[in-house]
Amino acid sequence: DVKVTQSSRYLVKRTGEKVFLECVQDMDHENMFWYRQDPGLGLRLIYFSYDVKMKEKGDIPEGYSVSREKKERFSLILESASTNQTSMYLCASSRGQGSPYYEQYFGPGTRLTVT
Amino acid sequence: DQQVKQNSPSLSVQEGRISILNCDYTNSMFDYFLWYKKYPAEGPTFLISISSIKDKNEDGRFTVFLNKSAKHLSLHIVPSQPGDSAVYFCAATDLIAGGTSYGKLTFGQGTILTVHP
């Protein structure tokens, strides 16, 4: 079974802090993704990566950056946390382009509260 | 610009009845569609998918219908069970068109399904 793990289930941070969210997958997937989930807005893509050191902006990248130094690990960084970044953050991975399915496997999520 | 829309935030059905969840899309490049199910405190899990070359796909109690001309898809759950109570997300991508989407999915807002015993 594919396993995607996220470093924390719950985080509370103060405004202005630098925040790191870590995600690890164990299926040698090429693609990794970071989403945030907010009520009424669904899942919105922040950033994704299709290879080590490669990244692309999603729909809402402002205020975030990412790092992918190893294939299995994808980090989301909030450079200076703000209250409007309070949300559920979900990491996902999928097999590379050319696969028959673009099914994404999700981690359990990190509930981040910025106060 | 919401390219995938689930206009019903919630749906309530009785156990044993049919649940129908709807999804509309605007991007004509989308050619592969997926449904995900999410329980509280868990990540979404893949449920069922459909390619644009089909108009129906079944997997047990779950059937997805695709109407390309209307840019509409629906998920039917028959019979509904209390354990089906969850948030359901519709998602779309441009898989077959060979786009450079790298497996990127566009999700709808989600529909909360509650199945009453």
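Scope of this entry: the structure provided in the associated data block. (Residues numbered from 1 in each chain as written. Chains lettered and ligands numbered in written order. Predicted model: local features only at pLDDT ≥ 70, side-chain atom pairs only at ≥ 80, totals over all residues. Heavy atoms only, no water.)

What follows deals with the overall build of chain B. What chain B contains, in helices and strands, is zero helices and eleven strands. Going residue by residue from the N terminus, the α and β elements of chain B occur as β-β-β-β-β-β-β-β-β-β-β. In terms of overall size, chain B behaves like a compact globule, its C-alpha atoms giving a radius of gyration of 14 Å where 117 residues would be expected to give roughly 13 Å. Considered along the principal axes of its C-alpha atoms, chain B spans approximately 45 × 30 × 20 Å. Expressed as a percentage of the 117 residues in chain B, the buried residues total 48%. Long-range contacts, defined as pairs at least 24 residues apart, comprise 57% of the intrachain contacts of chain B with a sequence gap of at least 6. Entry remark: accessible area of chain B is about 5400 Å², with carbon and sulfur atoms responsible for 50%. (Helix = DSSP H or I, 4+ residues; strand = E, 2+ residues; numbered from the N terminus. Rg over C-alpha atoms; globule rule 2.2 N^0.38 Å. Buried < 20%, exposed > 50% of the residue type's maximum accessible area, 1.4 Å probe, protein only. Contact = heavy atoms within 4.5 Å. Areas by Shrake-Rupley, 256 points an atom, 1.4 Å probe, with all protein chains shown as cover.)

Think of it this way: side chains of opposite charge can pair up when their charged atoms draw near. As enumerated under the stated definition, the model contains nine salt bridges over all chains in all. One salt bridge in this structure joins Lys71 of chain A and Glu30 of chain A, with 3.5 Å as the shortest N-O distance. Of this pair, Lys71 of chain A sits in the loop between β7 (64–70) and β8 (73–78) while Glu30 of chain A sits in the loop between β3 (19–25) and β4 (31–38), and the two are 41 residues apart along the sequence. When its relative accessible area of 30% is taken as the criterion, Glu30 of chain A is described as partly exposed. Lys37 of chain B is paired through a salt bridge with Asp84 of chain B; the nearest N and O atoms lie 4.0 Å apart. (Salt bridge = Lys/Arg side-chain N within 4 Å of Asp/Glu carboxyl O.)

Residue and element names in this part refer to chain B. Most of strand β4 (residues 32–38) is tucked away: seven of the seven residues are buried. Residue alternation in β4 divides its side chains into two sets, Tyr32, Leu34, Tyr36 and Lys38 and Phe33, Trp35 and Lys37, and both sets are buried. Alignment of β4 against strand β5 (residues 45–51), held across six bridges, turns out to be antiparallel. Residue Phe33 lies in a different strand from β5, and its bridge partner there is Ile50. With antiparallel pairing between neighbouring strands as the criterion, β4 and β5 make up a hairpin whose turn holds six residues, including Ala41 at a positive phi of roughly 65°. Direction of pairing for β4 relative to strand β9 (residues 86–93): antiparallel, over a ladder of seven bridges. Along β9, the bridge assignment pairs Leu34 with Ala91. (Pairing = 2+ DSSP bridges.)

With that settled, the discussion passes to the interface of chain B and chain A. The interface of chain B with chain A comprises 23 residues on the first partner and 24 residues on the second. Interface area for chain B against chain A, summed over the two sides, is near 2000 Å², with a carbon-plus-sulfur share of 61%. The interface formed by chain B and chain A includes zero salt bridges. Counting across the interface, chain B meets chain A through two residue pairs in polar contact (both at pLDDT 80 or more). Those elements giving two or more residues to the side of chain B that touches chain A turn out to be β4 and β9 of chain B. Per-element tally for the side of chain B that touches chain A: the top contributor is β4 of chain B, with four residues. Among the residues forming the side of chain B that touches chain A, the class breakdown is eleven nonpolar, nine polar and three charged. (Buried area = accessible area lost by both parts, 1.4 Å probe. Polar contact = N/O pair within 3.5 Å; in protein donor to acceptor, adjacent residues only side chain to side chain. Nonpolar A, V, L, I, M, F, W, Y, C, P; charged D, E, K, R; others polar.)

This brings us to the sheet that holds strand β1 (residues 4–6) of chain A. Residue and element names in this part refer to chain A. Strand order in this open sheet of four strands is β1-β3-β8-β7, and the pairing throughout is antiparallel. A strand with exactly one partner marks an edge of an open sheet, and here the two such strands are β1 and β7. If you compare each strand with its neighbour and ignore which way they point, the axes differ by 20° on average. Of the pairings in the sheet, the one linking β1 to β3 comprises three bridges and is antiparallel in character. Considered in β3, the bridge of Gln6 is made with Cys23. (Axes fitted to C-alpha atoms, helices over the stretch in contact; angles between N-to-C directions.)

As a further point, take the state of the cysteines. A covalent bond between the sulfur atoms of two cysteines is referred to as a disulfide. As enumerated under the stated definition, the model contains two disulfides over all chains in all. With a sulfur-sulfur separation of 1.9 Å, Cys23 of chain A is cross-linked through a disulfide to Cys91 of chain A. Taking the sign of the S-S torsion, about -80° here, the bridge from Cys23 of chain A to Cys91 of chain A comes out left-handed. Note that Cys23 of chain A is positioned in strand β3 and Cys91 of chain A in strand β9 (residues 87–94), a separation of 68 residues in sequence. There is no split in this pair, since Cys23 of chain A and Cys91 of chain A are both buried. Between Cys23 of chain B and Cys90 of chain B runs a disulfide, and the two sulfur atoms are separated by 2.0 Å. Taking the sign of the S-S torsion, -75° for the link of Cys23 of chain B and Cys90 of chain B, the bridge is left-handed. Of the two residues, Cys23 of chain B sits in strand β3 (residues 19–25) while Cys90 of chain B sits in strand β9, which places them 67 residues apart along the sequence. For the pair Cys23 of chain B and Cys90 of chain B, a shared accessibility class is recorded, and that class is buried. (Disulfide = S-S within 2.5 Å.)

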